[in-house]
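Here are the chains, one letter per residue:
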Amino acid sequence: MRLEKCWFCSSTVYPGHGIQFVRNDAKIFHFCRSKCHKNFKMKRNPRKVKWTKAYRRLHGKDMTQDSTFEFERKRNRPERYDRNLAENTLKAIKKIDKIRSDRASDHIKNRLKTGKVQRQKEARKQLELGIHLVKAPLALAQDSSLCLPKIKDNVSQAQTEENQPMEE
Amino acid sequence: MIQPQTHLNVADNSGARELMCIRVIGASNRRYAHIGDVIVAVIKEAVPNTPLERSEVIKAEIVRTRKELKRDNGMIIRYDDNVAVIIDQEGNPKGTRIFGAIARELRQLNFTKIVSLAPEVL
């Protein structure tokens, strides 16, 4: 029994799932489900189909280079069964899996950081411009204690304590 | 799912290029032939200057089909075309070489000669 990777989306194909297609030059294509199989029959290039791992790796959406990938190489020589080895391997698989998924999610978080900062800036700008929709200008002028919250900046950390937060 | 009138390619060097199925060997009203079944076929296209000629009726053994082959372990295999190997009455292949991949099922069905000649058994 061997866990293969789907040729189209790169997910693991477990036994009992999917179809294997053998081309005339004896190259075998494994598919995890009919969605991938049908896309293949349509001659779609997985590197151009947004939801596949191939696309995500190619366009830097997912982590590509990491030392944890070295553990999951394809090995063609069967190992002689050794109870200790099997036990240690199982423990290692769990640990490596956790590390790899943590690193992958960190990669994505870092990638999305710049967008988050940008969106916060834009939201702040919008609030400044449209403050008259939130609080009447007259009320703003009368109650000078009300004002916009400062951006939590490392530089201006001291200033945030002085200004009171804005009412909703 | 090979039935009469189905055209099949030939995977050996017996001299035929294309066969047309005439009959599925088995029960009297047997509809379809799959990988591992014997069919009676007529040669539609042959390589010139070989012992086999066009419009000769011969027996063939199906080795690859476009219809999926289901295995007991849940594996499903589909090939790219419908291909047969020409055999004689005993089940020995007429050619000396086989081209392309062969399904493992043929070994259980006593077509050992075909399996041994095959470049790849899947």
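Residues numbered from 1 in each chain as written. Chains lettered and ligands numbered in written order. Predicted model: local features only at pLDDT ≥ 70, side-chain atom pairs only at ≥ 80, totals over all residues. Heavy atoms only, no water.

### Re the UniProt feature "domain: TRASH" (unreviewed entry) in chain A
In step 1: In the numbering adopted here, UniProt assigns the feature "domain: TRASH" (unreviewed entry) to residues 6-44 of chain A.
In step 2: With 21% helix and 26% strand, the stretch residues 6-44 of chain A has end C-alpha atoms that lie 14 Å from each other. (UniProt positions renumbered as here; feature names shortened; annotations may be inferred. Helix = DSSP H or I, 4+ residues; strand = E, 2+ residues; numbered from the N terminus.)

### Focus on unusual backbone geometry
Residues and elements named next belong to chain A.
In step 1: The backbone of Ser10 shows a phi angle near 65°, a positive value even though the residue is not glycine.
In step 2: You can see Ser10 is positioned in the loop between strand E1 (4-5) and strand E2 (12-13).
In step 3: Among the residues examined, Ser10 registers a relative accessible area of 23% and is labelled partly exposed. (Buried < 20%, exposed > 50% of the residue type's maximum accessible area, 1.4 Å probe, protein only.)

### With respect to the pairing of strand E4 (residues 28-31) of chain A
Residue and element names in this part refer to chain A.
In step 1: Across 4 bridges, strand E3 (residues 19-22) lies against E4 in antiparallel orientation. Within E4, the residue paired with Gln20 across the bridge is His30.
In step 2: Linking E3 to E4, which pair antiparallel, is a turn of 5 residues; within it Ala26 sits at a positive phi near 65°. (Pairing = 2+ DSSP bridges.)

### Concerning the interface of chain B and chain A
One frequently used descriptor of interface size is the decrease in accessible area upon assembly of the parts.
In step 1: Taken together, the contact pairs 14 residues of chain B with 12 residues of chain A.
In step 2: When chain B packs against chain A, the two sides together hide about 1,100 Å² of surface, and 54% of this comes from carbon and sulfur.
In step 3: Counting the surface chain B buries against chain A, the share from its top three residues, Ile76, Arg78 and Asp80 of chain B, is 46%.
In step 4: Applying the counting criterion to the chain B and chain A interface returns 0 salt bridges.
In step 5: Scanning the region where chain B abuts chain A turns up 5 residue pairs in polar contact (both at pLDDT 80 or more).
In step 6: In terms of residue count, strand E6 (residues 76-79) of chain B provides more of the side of chain B that touches chain A than any other element does, 4 residues in total.
In step 7: Here the residues of the side of chain B that touches chain A sort into 6 nonpolar, 2 polar and 6 charged.
In step 8: Judged from the 3 bridges that link them, E3 of chain A and E6 of chain B form a sheet pairing that is parallel. Considered in E6 of chain B, the bridge of Phe21 of chain A is made with Arg78 of chain B. (Contact = heavy atoms within 4.5 Å. Buried area = accessible area lost by both parts, 1.4 Å probe. Salt bridge = Lys/Arg side-chain N within 4 Å of Asp/Glu carboxyl O. Polar contact = N/O pair within 3.5 Å; in protein donor to acceptor, adjacent residues only side chain to side chain. Nonpolar A, V, L, I, M, F, W, Y, C, P; charged D, E, K, R; others polar.)

### Examining the confidence of the model for chain B
In step 1: Overall, the prediction assigns chain B a mean pLDDT of 94, with 100% of residues at 70 or greater.
In step 2: Interface scoring of the predicted complex returns ipTM 0.91; its pTM is 0.80. (pLDDT = per-residue confidence, 0-100.)

### Focus on the side chain of Asn82 of chain B
Residues and elements named next belong to chain B.
In step 1: Here Asn82 is to be found in the loop between E6 and strand E7 (83-87).
In step 2: Reaching out from Asn82, the side chain makes a polar contact with the backbone nitrogen of Arg66 at a distance of 2.9 Å.
In step 3: Excluding residues that lie within four positions of it along the chain, Asn82 makes contacts with Ile2, His7, Leu8, Asn9, Arg64, Thr65 and Arg66.

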